[in-house]
Amino acid sequence: MDREKILEIVNKIEDLSSKYDDYEFIIAIYILIRYGIHTCTNYMDSTDLDKILAVIKTHRTIFDEQLNYEVDKILNSKKN
């Protein structure tokens, strides 16, 4: 593992976080980690993002299985 490359990525992420609202940044990171850009681009709309943000605000961390369950319910509700 190249430590310098990791630090470069971390610094770029830090730069991005300073350019956006905290919640915009948090939801973007969560979606990227959990679902990827394809799902976000093709299957999520503004309403989904608003609902996901509301759920994220109720949890202490984005690394929470209950949070993942609640977000999955939001996204899967469109299939019904």
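Residues numbered from 1 in each chain as written. Predicted model: local features only at pLDDT ≥ 70, side-chain atom pairs only at ≥ 80, totals over all residues. Heavy atoms only, no water.

1. A few points about the overall build of the chain
When helices and strands are counted, the chain shows 5 helices and 0 strands. Of the regular secondary structure in the chain, the N- to C-terminal order runs α-α-α-α-α. On the principal axes, the C-alpha backbone points of the chain span a range of 45 × 25 × 25 Å. Burial status across the chain gives 25% buried among its 80 residues. A separation of at least 24 residues holds for 51% of the contacts in the chain among residues at least 6 apart in sequence. For the chain, the accessible area works out to roughly 6300 Å², and carbon and sulfur atoms hold 55% of it. Averaging the locations of the 11 positively and 15 negatively charged side chains of the chain gives two centres separated by 4 Å. (Helix = DSSP H or I, 4+ residues; strand = E, 2+ residues; numbered from the N terminus. Buried < 20%, exposed > 50% of the residue type's maximum accessible area, 1.4 Å probe, protein only. Contact = heavy atoms within 4.5 Å. Areas by Shrake-Rupley, 256 points an atom, 1.4 Å probe, with all protein chains shown as cover. Lys, Arg positive; Asp, Glu negative; His and termini not counted. Charge placed at Lys NZ, Arg CZ, Asp CG, Glu CD.)

2. So, the pattern of salt bridges
Taken as a whole, this structure holds 2 salt bridges when the rule is applied. In this structure, K12 and E8 form a salt bridge, with 3.3 Å as the shortest nitrogen-oxygen distance. Residue K12 and its partner E8 are located together in helix α1 (residues 3-19), separated by 4 residues, close to a single helical turn. A salt bridge links R34 to D72, with the nearest nitrogen and oxygen atoms 3.0 Å apart. Within this pair, whereas R34 is found in helix α2 (residues 22-34), its partner D72 is found in helix α5 (residues 65-76), the two being separated by 38 residues in sequence. On the basis of relative accessible area, R34 is assigned to the partly exposed category, the value being 32%. Taking the relative accessible area as the measure of exposure, D72 reaches 25% and is therefore partly exposed. (Salt bridge = Lys/Arg side-chain N within 4 Å of Asp/Glu carboxyl O.)

3. So, the layout of surface pockets
Estimated volume of the largest pocket: approximately 280 Å³. If you go around the largest pocket, you meet 14 residues; those closest to its centre are E24, F25, I27, A28 and I29. Where the lining of the largest pocket is concerned, the elements lending two or more residues are α1, α2 and α3 (36-43). The element that contributes the greatest number of residues to the lining of the largest pocket is α2, accounting for 7 residues. (1 Å grid on protein atoms, 1.4 Å probe; cavity = no way out; pocket = protein on both sides within 12 Å on 5 of 7 lines; lining within 4 Å. Points joined across faces, edges and corners; volume = space filled by probe spheres on them.)

4. Focus: the packing of aromatic side chains
If you walk through the whole model with that rule in mind, you get 1 aromatic pair. Considering the side-chain rings of Y30 and Y35, the 6.3 Å spacing of their centres and the 70 degrees angle between planes classify their relative orientation as edge-to-face. Comparing Y30 with Y35 shows no difference in burial state: the two are buried. Directly above the aromatic system of Y23 lies the positively charged group of K57, at a separation of 4.7 Å from the ring centroid. (Phe/Tyr/Trp six-rings, centres within 6.5 Å; stacked < 30°, edge-to-face > 60°. Lys NZ or Arg CZ within 6 Å of the ring centre and 35° of its normal.)

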